[in-house]
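Topology and contacts: notes
Residue strings, one per chain:
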Amino acid sequence: AVKIPKSENNKAGDRACILCSDSKVKRKTTWMCATCHVPLCNKILLNEEEGSKTHHDLWHMANDLLAQHAICHEQLIKSRGKKRERPDGDNNCGDIQQEMDITRENERDEEVN
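Residues numbered from 1 in each chain as written. Predicted model: local features only at pLDDT ≥ 70, side-chain atom pairs only at ≥ 80, totals over all residues. Heavy atoms only, no water.

With respect to helix 2 (residues 65–79)
With 15 residues, helix 2 extends 21 Å from end C-alpha to end C-alpha; this agrees with the ideal 21 Å at 1.5 Å per step. Here helix 2 has its buried residues at Leu-65, Gln-68, His-69, Cys-72, His-73, Leu-76 and Ile-77. Where helix 2 terminates, the next one or two residues include Gly-81, which has phi positive at roughly 75°. (Helix = DSSP H or I, 4+ residues; strand = E, 2+ residues; numbered from the N terminus. Expected span 1.5 Å × (residues − 1). Buried < 20%, exposed > 50% of the residue type's maximum accessible area, 1.4 Å probe, protein only.)

Some remarks on the pattern of salt bridges
Inspection of every chain in the model, using the stated rule, returns one salt bridge. A salt bridge links Glu-8 to Lys-11; the nearest nitrogen and oxygen atoms lie 3.2 Å apart. Grouping residues by exposure puts Glu-8 and Lys-11 together as exposed. (Salt bridge = Lys/Arg side-chain N within 4 Å of Asp/Glu carboxyl O.)

Observations concerning the environment of Ala-70
The residue Ala-70 is located in helix 2 in this model. Residues Ala-70 and Ser-21 lie 49 residues apart in sequence; the distance between their C-alpha atoms is 9.5 Å.

Topic: the side chain of Asn-10
Secondary-structure assignment places Asn-10 in the loop between strand 1 (2–3) and strand 2 (15–16). Judged by its relative accessible area of 16%, Asn-10 is buried. Polar side-chain contacts of Asn-10 include one of 3.1 Å to the backbone nitrogen of Gly-13. Polar contacts involving the side chain of Asn-10 include one to the main-chain carbonyl oxygen of Asp-14, which spans 2.9 Å. (Polar contact = N/O pair within 3.5 Å; in protein donor to acceptor, adjacent residues only side chain to side chain.)

Any functional reading would require information beyond the geometric quantities listed.
Structure representation (structure tokens):
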């Protein structure tokens, strides 16, 4: 993992963790994967057990990222003591798909340059 660089548009050098955040509930991190440039938490949540995997670890181990996102997001909500009421059943997995698409696009741009 590497630090997210500060920039004119991101003076704090942080972004929402793609594995546990969605468009309404976010957990900011200053870390991203050095290989895929995806922002991922590198600390466990307060309610997670000692020795739990970080979101960086889970991202790279998951066979199903959408399912892992749903699990991590629910843990984030529980850690904040909020109840999630989404009658439409939408778990905002479009956010994770969008981030994956952006990452692939950035990698293609780096290959061209």
